[in-house]
Amino acid sequence: MNKCKICGQATTIIINFGKMPLANGFISNPNSKEFFYNLSLAFCPMCFMVQLKKTVKPEKMFHKEYQFISSTSQIMVSHFKEIAEEIINRLKNKKNPFIVELGCNDGIMLKHIAFRKINHLGIEPSQNVAQLAKRNGVQVLSKFFNEQVAKDIVEKKGTADIICGANVFCHIEDINSVFRGINILLKQDGILFFEEPYIYDIIKKSSFDQVYDEHVYYFSGLSINNLARRHGLQLVDMKHQEVHGGSMRYYIQKIAGTCPQSLRSKRCRRGKQKIELKKWLNKEKQMKLDKIEGYLDFKNKVNKICKDLKTLLSTIKQKGYRIVGYGATSKSTTLLNYAKIGRDLIDYISDNTPTKIGKFSPGMHIPIKSYKQFIKDQPAYALLLAWNHKKEIFAKEGNYRKKGGTFITYFPKVKTE
Ligand code: TMP
Ligand code: ZN
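This report concerns the structure included in the present document. (Residues numbered from 1 in each chain as written. Chains lettered and ligands numbered in written order. Predicted model: local features only at pLDDT ≥ 70, side-chain atom pairs only at ≥ 80, totals over all residues. Heavy atoms only, no water.)

### Quick look at helix 4 (residues 127-135)
- For helix 4, the full list of buried residues reads Val129, Ala130 and Ala133. On an axial view of helix 4, the arc spanned by its buried residues comes to 105 degrees, and they lie on one face.
- Buried residues belonging to helix 4 abut strand 6 (140-141).
- Directly beyond the C-terminal end of helix 4, a positive phi value near 85 degrees is found at Gly137. (Buried < 20%, exposed > 50% of the residue type's maximum accessible area, 1.4 Å probe, protein only. Helix = DSSP H or I, 4+ residues; strand = E, 2+ residues; numbered from the N terminus. Arc of directions from axis to C-beta. Contact = heavy atoms within 4.5 Å.)

As structure tokens, then:
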């Protein structure tokens, strides 16, 4: 029986993807032995959390050669600058505030806080990216966050006014320990906020490639509400974000805590926030995200997308055109391996991350080449694996499209554009 990692209740499988390599397991030698695990997605009818049935040890994913560097996208750079501005704004009236970010990556957000000389700490277990954050002037602790780490921080630096994170909470299997740690580390009137890919968007678009080893959980407001309550906390607001193909930012406070001054305004912004929260919780209920019924169609829709995409790629290939992948994203590992799209269909994947270039994609072993190569080759078709960065990429690739280049996209359905 599969038990919920949060409440222990029996879970139901939504989809089983079978054997998968690590999403960021880019390899230098295609003949070397690769690690595979079974990827399947499950739903808990008790606490509504969507989660991986079986997980991979964190040390296998987040280590000294972690391949995901946040600052490779300009939109993400501006997005994190905006988060920093929101934090600075919220702390305007606080004396010597303290901010903790879980999973600070290369310091994409905290560098703005550090620049303002605001007391902060980034927690980043992947040593190579933690090193990049240090070079950006950020104070970093290279550890996995849990209760004990929270106690150590409180002892050395005191409690935090703000604890935040982006695309990190869904990575942590022992999320109960993280929430216990947050209870220890957060000031009574402090605020926790984090944003992660949103299950509502995933189900709506059938964007199944968000499902991979690093994403243990797929949050909704309904499941976060339950998780927060379990730990004496409450969900007070939700703000939808366009990034990462649709994310949700959750705002959480201590139940006994008073509303932080910065959240109040003369016209009671809190009242307005409650409307936003209610709106999203209602939308989730309408989509039945608190019942297995809400997830029953997902598998069929995913399989149709894979079938249509393979048919399109094969037809293009048969006509003698060249297809190149655009963006060696973590999520493309699920798409390429589940749909079995290999070198027979895709010549190579273009990517702008220096450490990925020259390597091979996990499982399907498609070579990763530089963006320069893409510009030089001008392939007739580009499979948009970094579809979550579509706006930025289409703005950048106006010339490619003008010259006759065509992008292939696949969520919510396969098309050329
Ligand atoms: P992500 O979807 O996990 O954020 O990863 C995006 C990947 O796509 C990352 O490896 C960088 C790459 N990329 C490009 O190669 N060109 C681009 O213009 C953008 C935005 C991303
Ligand atoms: Zn549960």
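### Digging into the nonpolar core
- Ranked by size, the top nonpolar core spans 109 residues in total, and within it Phe145, Phe169, Phe219, Leu383 and Tyr410 carry the most contacts.
- If one sorts the elements of this core by residue count, helix 10 (residues 298-318) sits on top with seven residues.
- Counting contributing residues, this core receives three or more from each of domain 1 (144-295) and domain 2 (300-416).
- Among all residues touching Phe219, those that are not within four sequence positions of it are Met49, Phe169, Cys170, Ile175, Phe194, Glu196, Pro197, Tyr198, Ile199, Ile224 and Tyr250. (Core = buried A, V, L, I, M, F, W, Y, C linked by side-chain atoms within 4.5 Å. Domains from an automatic or database assignment.)

### What to know about the site of ligand 1
- Around ligand 1, a shell composed of 20 residues is seen, among which Asp351, Lys356, Asn388, His389 and Lys396 lie nearest.
- The contact in question runs from an oxygen atom of ligand 1 to an N or O atom on the side chain of Asn388, over 2.9 Å.
- For ligand 1, the protein covers 97% of the area, taking 480 Å² as the surface of the free molecule.
- Looking at which element gives the most residues to the shell around ligand 1, the answer is helix 13 (residues 390-396), with three residues.
- Residue composition of the shell around ligand 1, by class: five nonpolar, 10 polar and five charged. (Near = heavy atom within 4 Å. Polar contact = N/O pair within 3.5 Å; in protein donor to acceptor, adjacent residues only side chain to side chain. Areas by Shrake-Rupley, 256 points an atom, 1.4 Å probe, with all protein chains shown as cover. Nonpolar A, V, L, I, M, F, W, Y, C, P; charged D, E, K, R; others polar.)

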